[in-house]
Every structure is written in structure tokens, then in C-alpha cells.
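What follows is the residue order along each chain.
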Amino acid sequence: MKDVKFRIYNTLSGKVEEFVPLKEGEVKLYTCGPTVYDYAHIGNFRSYVAEDLLKRFLKFLGYRVLHVMNITDVDDKTIKGAQREGVSLQEFTRKYEKAFFEDIDTLRLDRADYYPRATETIPDMIKIIQGLLDKGYAYIKDGSVYFRISAFPEYGKLSKIKPEELKAGVRIDADEYTKEDVRDFALWKAKKPGEPSWPSPFGEGRPGWHIECSTMSMKYLGETLDIHAGGVDNIFPHHENEIAQSEAYTGKQFVRYWFHVQHLIVEGEKMSKSKGNFYTLRDLLAMGFSPRAIRYLLLTTHYRKTLNFTFEALYQATASLKRITDFLFELETRKFPEGESQQAKERIEKCRREFTLALADDLNISGAMAAIFELIRWGNKAMEEGELFSQDAANLKALLYDLDRVLAVLPEKVVEELPEDIMRMIKEREEARKRKDYATADRIRDELFKRGIILEDTKEGTRWKLIKK
Ligand code: AMP
Ligand code: ZN
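Residues numbered from 1 in each chain as written. Chains lettered and ligands numbered in written order. Predicted model: local features only at pLDDT ≥ 70, side-chain atom pairs only at ≥ 80, totals over all residues. Heavy atoms only, no water.

Participant: Tell me about the sheet that holds strand β4 (residues 64–69), residues and numbers included.
Facilitator: Strand order in the open sheet formed by four strands is β4-β3-β9-β10, with parallel pairing between adjacent strands. Sheet topology places β4 and β10 (255–261) at the edges, where each strand pairs with a single neighbour. The sheet shows a mean angle of 20 degrees between the axes of neighbouring strands, taken without regard to direction. Bridge count for strand β3 (residues 26–31) against β4 is six bridges, and the pairing is parallel. Note on β4: the bridge partner recorded for Glu26 is Arg64. (Pairing = 2+ DSSP bridges. Helix = DSSP H or I, 4+ residues; strand = E, 2+ residues; numbered from the N terminus. Axes fitted to C-alpha atoms, helices over the stretch in contact; angles between N-to-C directions.)

Shown next as C-alpha cells:
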């Protein structure tokens, strides 16, 4: 649907705008990645899944998306973690980085084209810091380099925070370093005893967090990105500082559309380890929830609304997803009369159009899901009334899998292959039924039930389902 206009909320303008990339047909997307000091929690994944929806929908609309996500593998938290465990920074961070990649595959997040590590981009950061010093946007104090906010009059344009008001005491950077002005933030932090450090023209030290993202995004995507995404907590100071550094350095607009995802809370409260309501993806998997249901839950609250995670909602997500897979199961296993109906054709087109237009309206996921459930309701009824034909079933299945390029919640196969001995038992039972030997048929049915298979006798023959958690 090339003619669809995609409208998206831009934090910079504070409005829903039509999305027009800089280069036709191509989107340069940067999403703030994890700080690899622990397993990522479901709040993090709320943001990543919303960003994944954005990316998959852009691809669905036919855009080529070039996507970069950083890995922050040096900062206060990673350094402290490595010290606590008595291992090198690299050994410490690689463990969580590996877990992160496992988790994003579990949740079917479409992989980025690049995942640069901060520690491997330091020469590029130094180059930008040097450039900012040369242009008078930065200064050195006690071996650290700071960005001079007073030199960038547009500071605050993203978060709408007025720099003058910051003077009243809000510290942009909670570090302990001395600087000209409390509002200024560190681009480079002088080495502290016992901390990892890298050589630079300004002395041994390590980069500040904000410069990492500016550098890694511009390195792979160029000086102007189409979309930069992250959770709302990133708006200030992180993204505000990224704009200041990048635009001061290049003299060009850094990002055209800023996409921010509201936070996830748990049972109405902020998630925190001390409250005992803190969950990683792994915690939920260990409780037996399926990755697809977790993804479904994270996906189906609009990205600009707070997502209240509850177990009740996770059970509901599991049930909603089952409604879709049950429908697919019917489509795969029933025998339909040959042919195709005009009504099914129209319903399928209507669903595709409504799904697409809903998402094109600032990613209105509820509208998109409503279009799918409306189709399923109609399809189930048509099936019961014998008004669905073989080609309709094939078209409905094809539609659902096509829309799943965006949602990524369907199983690869709804009808699984059964081992040969089980297939043989099902056949034996059918034969027993034919000769009216119901005792044998029931015995086989019970035996199969114990092995996790439910049988259903229909006009067209016996169908089976796996009992799933
Ligand atoms: P971090 O590893 O803390 O830098 O966070 C990685 C991403 O997760 C960032 O985009 C954050 O904004 C986002 N994030 C952190 N906490 C939450 C939360 N509770 N809900 C949604 N997103 C979050
Ligand atoms: Zn970032």
C-alpha cells in the first residue's frame, strides 16, 4: 500500500506529523540500546517491542530500514558490576550482551543492521569531542571535557526544558566532576583510580554516555537520522544532550522524528527490585508464559500510553492469541467445499485496509487488532454456516501470516507433525470406530490424551490438537 500516509507523533514538534524520510523509500532508524550490566527487564522490552512494531510497520509499508542499536558496555553501572564480580569489564558485559541477544530473538525483535559497542567506537567519539573543543562548544577541566550548554541556544528544544530554569539547581549530569556551569555535561570523564580508561588527546579517561549515542548513530547512519527512538526517560537529559552535541558538531539537523515510548509499570506501580515487582523476560519464561504471549501483551498497548503489566493481562493476552491460532487451526484442518466467495474476498481486503490504516495513524494497534478480530468473528460464523470455501481458507491464512510480518506473534506452524507411532494410533482408532469397536477406540483416545493429544471427531474425519500450556 504505497499510497498510505504514515502519521507519527514527533516529540520534537509535539504533534502527529506525516512521516517523510529524507531519502525516498529508505528510513534511517536509531534505537537506544541496552546498558549491559544485568538482564533486560520487561520495561526495557516494552520500549524495544514498540520500536520493533514501528520498524516492522515501516518495512510492511515498503520502506527499506537501516537500523542501528548501540550496546553501552562502559558506564558507572557496568564498571561497578565488573568490580563487584572481580572480572574485567569485557568479561562482565559480554555475558549480559549475550543474554540480550538471546532475549531479543525470543521476543522476535527484528535484528538491527548494526549493534556497535561503545568500547569499540571510542576513536570516533574522540574525533567528535575534539571537533566540539575546536569550535568552542566544549572545554577541558581537570582532564574531563564538558559541553558548554550556554554555547547552544537551542538547548531544551526537545524536552521543552528552559536552560535558564536548570540553573536553579537541576543537575544535568549527576557526576562529581567540577565544571564551569552545573548545567554542562561530560563528554569525556577523566580516569578515576581503578577504573578502565582509554588514551585521548585530553588525557586518560572514558566517554560520557550521551556522546556514545551521537557518535554511533552518525557513524552508521550519517549526520541526519530519520527516526531516533527510546523510552520517555531518555528525552531528558540523554536525547537533549545528543541533539546539542551532534548539531553543534555538524551544523545540521540531527534527527527528523523523535519517537518515545511511555513506560511500563507493574500492577499500577513503578517496577523496582525493592518492591518485589521487578521482572526480567527470563522470570516470565520460567513461570511458563510463552514468548509469543509476552510479546503480544507488550505490543498491544499504544506506545504513548503507560502499559500496566499485570498477570491478569498476561493471561488475557494468552487467550487473545489463542483465538487467532484456533482460527488458523480451523482453517488448516477443516475440509472446505471447493471454490471462493466474493464476500470472503471483500472481508479480507477490508481487514487488510483497516489494519494498515490503523497502524498508519500513529501506530494505533488497538484498531489494527480490532480489524483482525472482526475478520475472525466473521470467518468462524461463515465456517459454521458452510459459507467458507477452500480458496477463502487459503486466502485468510495468507492474510493473517502477511499481517504477522508486522505483529510477529503467530506460531510458525499451527498443525504440528506428529510422530509416526501416534499417527498409527489415530488410524487404528478410526478403523476401530468404523467397525463399531468403541471400547478399543476409547482406549486409544485415553492413551493419546495422556500423551498430550486431544481428538475431535468431525463429519470430515478425526482431527487432533496438542494440549498446550
Ligand atoms: P537502559 O538499559 O536503562 O539504558 O534502557 C534501555 C531502554 O529501555 C531505554 O530506551 C529506556 O528508555 C527503556 N526503559 C527503561 N525502563 C523502562 C520502563 N519501565 N518502561 C519502558 N521502557 C523502559
Ligand atoms: Zn542513547
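Back to the text.
Participant: How would you explain the packing of helix α11 (residues 342–360) against helix α12 (residues 365–384) if you had to name every residue and give the values?
Facilitator: For the pair α11 and α12, interaxial distance at closest approach is 7 Å and the crossing angle is 165 degrees. Taken together, α11 and α12 sit at an angle that is classed as roughly antiparallel. By crossing handedness, the relation of α11 to α12 is classed as left-handed. Residues Gln343, Ala344, Arg347, Ile348, Lys350, Cys351, Glu354, Phe355, Ala358 and Leu359 of α11 pack against Ile365, Gly367, Ala368, Ala371, Ile372, Glu374, Leu375 and Trp378 of α12. In terms of residue class, the contact of α11 with α12 is made up of 12 nonpolar, two polar and four charged. (Parallel < 35°, antiparallel > 145°, perpendicular 65-115°, else oblique. Left-handed = near helix turned anticlockwise from the far one by under 90°. Contact = heavy atoms within 4.5 Å. Nonpolar A, V, L, I, M, F, W, Y, C, P; charged D, E, K, R; others polar.)

Participant: Quick one: what's the story with the sheet that holds strand β6 (residues 144–147), residue by residue and with numbers?
Facilitator: Spatial strand order, β5-β6-β7-β8: four strands in an open sheet with antiparallel pairing. The sheet is open, and its two borders are formed by β5 (138–141) and β8 (205–207), each paired with just one other strand. On average, adjacent strands in this sheet sit at an angle of 20 degrees to one another, irrespective of strand direction. For β6 and strand β7 (residues 185–190), the ladder comprises three bridges, and the chain directions are antiparallel. Looking at the pairing, Phe147 lines up with Phe185 of β7.

Participant: I'd like to hear about the pairing of β6, residue by residue, with values.
Facilitator: Here β6 shows a buried face lined by Ser144 and Tyr146 and a second buried face lined by Val145 and Phe147. Strand direction decides the pairing type here: β5 and β6, joined by four bridges, are antiparallel. Bridge pairing in β6 links Lys141 to Ser144. (Buried < 20%, exposed > 50% of the residue type's maximum accessible area, 1.4 Å probe, protein only.)

Participant: If you had to explain the domain arrangement of the chain to someone new, which residues and values would you point to?
Facilitator: Taken domain by domain, the chain consists of domain 1 (7–275), domain 2 (323–407) and domain 3 (420–466). Averaged C-alpha coordinates put domain 2 and domain 3 at centres separated by 30 Å. In this assembly, six residues from domain 2 lie in contact with four residues from domain 3. Summed over both sides, the interface between domain 2 and domain 3 buries roughly 470 Å², with carbon and sulfur atoms accounting for 54% of that surface. Inspection of the region where domain 2 meets domain 3 yields one salt bridge. The partner of Arg463 in a salt bridge is Glu330, and the shortest N-O contact between them spans 3.1 Å. Put simply, domain 2 and domain 3 have two residue pairs in polar contact (both at pLDDT 80 or more) between them. Class assignment for the residues of the side of domain 2 that touches domain 3 results in one nonpolar, one polar and four charged. (Domains from an automatic or database assignment. Buried area = accessible area lost by both parts, 1.4 Å probe. Salt bridge = Lys/Arg side-chain N within 4 Å of Asp/Glu carboxyl O. Polar contact = N/O pair within 3.5 Å; in protein donor to acceptor, adjacent residues only side chain to side chain.)

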